[in-house]
2 protein chains.
Amino acid sequence: MHILVLGAAGMVGRKFLERVARDGHLGGREITRATLHDVVMPTAPAGAGFPCEASASDFAEAGVSEALIRDRPDLIVHLAAIVSGEAEADFDKGYRINLDGTRLLFDAIRLAGGGYRPRVIFTSSIAVFGAPFHEKITDEFHTTPLTSYGTQKAIGELLLADYTRRGFFEGIGIRLPTICVRPGKPNKAASGFFSNIIREPLAGQEAVLPVSEDVMHWHASPRSAVGFLVHAATMDPAAIGPRRNLTMPGLACTVGEQIAALERIAGPKVTARIRREPDAGIQAIVAGWPRNFDPSRALALGFKSEASFDEIIKAHIADELGGAYAA
Amino acid sequence: MHILVLGAAGMVGRKFLERVARDGHLGGREITRATLHDVVMPTAPAGAGFPCEASASDFAEAGVSEALIRDRPDLIVHLAAIVSGEAEADFDKGYRINLDGTRLLFDAIRLAGGGYRPRVIFTSSIAVFGAPFHEKITDEFHTTPLTSYGTQKAIGELLLADYTRRGFFEGIGIRLPTICVRPGKPNKAASGFFSNIIREPLAGQEAVLPVSEDVMHWHASPRSAVGFLVHAATMDPAAIGPRRNLTMPGLACTVGEQIAALERIAGPKVTARIRREPDAGIQAIVAGWPRNFDPSRALALGFKSEASFDEIIKAHIADELGGAYAA
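**Q** What's the story with the nonpolar core in this structure? I'm lost.
**A** Core analysis: the biggest nonpolar cluster contains 181 residues, and A:Val5, A:Val77, B:Val5 and B:Val77 have the highest contact counts within it. Mapped onto the domain boundaries, this core takes at least three residues apiece from domain 1 (2-177 + 221-247) and domain 2 (192-218 + 250-292 + 306-320) of chain B. Beyond its immediate stretch of four places on either side in the chain, A:Val77 contacts A:Ile3, A:Val5, A:Leu6, A:Phe16, A:Ile121 and A:Leu229.

So, in structure tokens, the structure goes:
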């Protein structure tokens, strides 16, 4: 099985490739080759028992997708995207990469000929939804995004479903929850604090909490995100039917519940490193975000995520900190 | 007020222009100029008290939209589209006109500069919805189209909302019901029979009914369709909020109710001209179509349609037949 990962240098892409390299197979099919692509040069996963080729270029340039699919990868994992903040700041760039790039990829597959019909996993986002919401967002709630990024993802979903219906590929769109705990350094994303208030205190560092503790949000661990991709790559796609885009399961919890879980696991000295510093700007942005979902379809199709925030923290300590933290 | 109508040679475009020519104003603003465009040369409405320029070209060619908006029309009514059957038969043509053409128009406006911010009315369709449905489709039901045409319209809606949110224009998307009674000759559209079984018997001709009488569908008259455009052109857009795409009101009725209304109005000799000829192919297509809606938002915003199928037939007799029919 030959896999192509677009956006392979990103956090989820790297972790997916590490998992695949560790397992050596996907759904019982041996991985024989991996093609990695990103706008910066991606790194091949350590210890892979299969050849990996990596390349870096602009995915929305003419010909790039054609070249990437020349050897007919069986599975294409499309994670490449301009993120929310940048797509809002740079209108043209967001549409060029997130919409045109995605369409160029889909059209390259469509026009490849010779009966080529790979499985295509497209990572969408809960940003396709825009407030006001119901208490829980169901699988039939409309997509009325309030960002250009969410608009571009919603358009990608529509294209994915139509190209699948027309038989050009076997598409599965997965709407990722906010990934928490995100490894690495604190960044300026408005959603960064959800991870910062766990990761930084566990590393002995102070973290800023800009919202009140009753803010609720929708989380899944990086480990779950990889699990979603693996399941989408290996499940029976016939079970999905024509509605190809699925809200992934996640955990709805408040910031207060996040902090309580951290205190249960790591103690009050760790949670004391969280500094409350209300930020009206971030509070206003967060108020427009989805809080909770009823992802019945994805659950029925076998997608799994954490059942408690304790599990999310334990996954972070195990996967990122080697089991230890700064008490 | 300078208006631009794209798709001006189509049935709805022509009727909108006739109405505007008759009224001479829109929402109290005098019409001073009309620009008409279509792929075939549109005809200026008779008796217009304002200059009309008409042109014919391919709307998805580079530069066409730029030229059409060069004189900064205040109102743009975008009706141009490849219809459902053709968009399904010719994948490239459907995406080129319905998606690329729409985006080129929107980008031409975005990049026009000088604070240009016209009102843009985009005609979408109930084809953005795909079965299975609830008893009534609400304003929050998701768009999971089962045709390429529906996909292209749903993408147009997303672009319209995002471009409006970003301040590039004042967009209003209106999802038209099936227009009934459609004037003209019977055509091969799968939905044609909804109009044929009224129009042809009233003209003394036989009509074929390919489905059973319990088939329910969602209708509005051509007069109502024009009314939707006029209301969208003149209403206070601030009342709409960020969800710019609205399911228009209509009338849900069964084929049996259509025929009963025709018999009430024109008598049994007219309805005897309907020949039952079940067609499994058409029945299968129609089974996937929306039947009924709860268009609360559009109603609250003042959009109006017929309350009974009798009214729809009477509008046809008045507007198309000069008040007379073949008894």
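**Q** Just checking my understanding: could you explain the sheet that holds strand E1 (residues 2-6) of chain A for this structure?
**A** Two pairing modes exist for strands in a sheet, parallel and antiparallel, and in both the strands are linked by backbone hydrogen bonds. Residues and elements named next belong to chain A. Spatially, seven strands are ordered E5-E4-E1-E6-E7-E8-E12 in an open sheet, and the strand pairing comes out parallel. Two strands close off the open sheet at either side, each with one partner strand: strand E5 (52-56) and strand E12 (245-247). Along the sheet, successive strands turn relative to each other by an average axial angle of 15°, direction set aside. Direction of pairing for strand E7 (residues 119-125) relative to strand E8 (residues 170-176): parallel, over a ladder of seven bridges. Residue pairing across strands places Ser125 opposite Leu176, the latter belonging to E8. Along the sheet face, helix H1 (residues 11-23) touches E1, strand E4 (33-38) and strand E6 (75-78) and points at about 160° away from the line of E1.

**Q** Explain the sheet that holds strand E11 (residues 216-220) of chain A to me, please; I cannot follow it from the model alone.
**A** Read from one edge to the other, the open sheet built from three strands follows the order E9-E11-E13 (chain A), with strand pairing classed as mixed. The open sheet is flanked by strand E9 (178-179) and strand E13 (251-254) of chain A, the only strands paired with a single partner.

**Q** Is there a simple way to think about the relation of the copies chain B and chain A in this case?
**A** Both copies of the chain are placed relative to one another by a rotation about an axis and a shift along it. In screw terms, the move from chain B to chain A is a rotation of 180° and a rise of 0.0 Å along the axis, fitting with an RMSD of 0.0 Å. As the rotation angle and translation indicate, the two copies are arranged about a two-fold axis. Nearest to the rotation axis, the C-alpha of B:His142 is located 1.9 Å from it, this being the minimum over chain B.

**Q** I keep staring at the interface of chain B and chain A and nothing clicks. Help me out?
**A** A common way to express how large an interface is: the accessible area buried when the components associate. Opposite the 19 residues of chain B that make contact, chain A presents 19 residues. The leading source of residues in the side of chain B that touches chain A is helix H5 (residues 148-165) of chain B, at eight residues. By residue class, the composition of the side of chain B that touches chain A is eight nonpolar, six polar and five charged.

**Q** Looking at this structure, I do not really get unusual backbone geometry. What am I missing?
**A** In terms of backbone geometry, most residues other than glycine have negative phi values and most peptide bonds are trans. The linkage connecting B:Ala131 with the following residue, B:Pro132, adopts the cis geometry, with an omega of 0°. Checked against the element boundaries, B:Pro132 lands in the loop between strand E7 (119-125) and H5. With a phi close to 55°, A:Arg72 is a non-glycine residue in the positive phi region. Secondary-structure assignment places A:Arg72 in the loop between helix H2 (64-68) and E6.

Calculation notes
- Residues numbered from 1 in each chain as written.
- Chains lettered and ligands numbered in written order.
- Predicted model: local features only at pLDDT ≥ 70, side-chain atom pairs only at ≥ 80, totals over all residues.
- Core = buried A, V, L, I, M, F, W, Y, C linked by C-beta atoms within 7 Å.
- Buried ≥ 20, exposed ≤ 12 C-beta atoms within 10 Å, placed from the backbone.
- Domains from an automatic or database assignment.
- Contact = placed C-beta atoms within 7 Å.
- Pairing = 2+ DSSP bridges.
- Helix = DSSP H or I, 4+ residues; strand = E, 2+ residues; numbered from the N terminus.
- Axes fitted to C-alpha atoms, helices over the stretch in contact; angles between N-to-C directions.
- Least-squares fit on C-alpha atoms with pLDDT ≥ 70 in both.
- Nonpolar A, V, L, I, M, F, W, Y, C, P; charged D, E, K, R; others polar.

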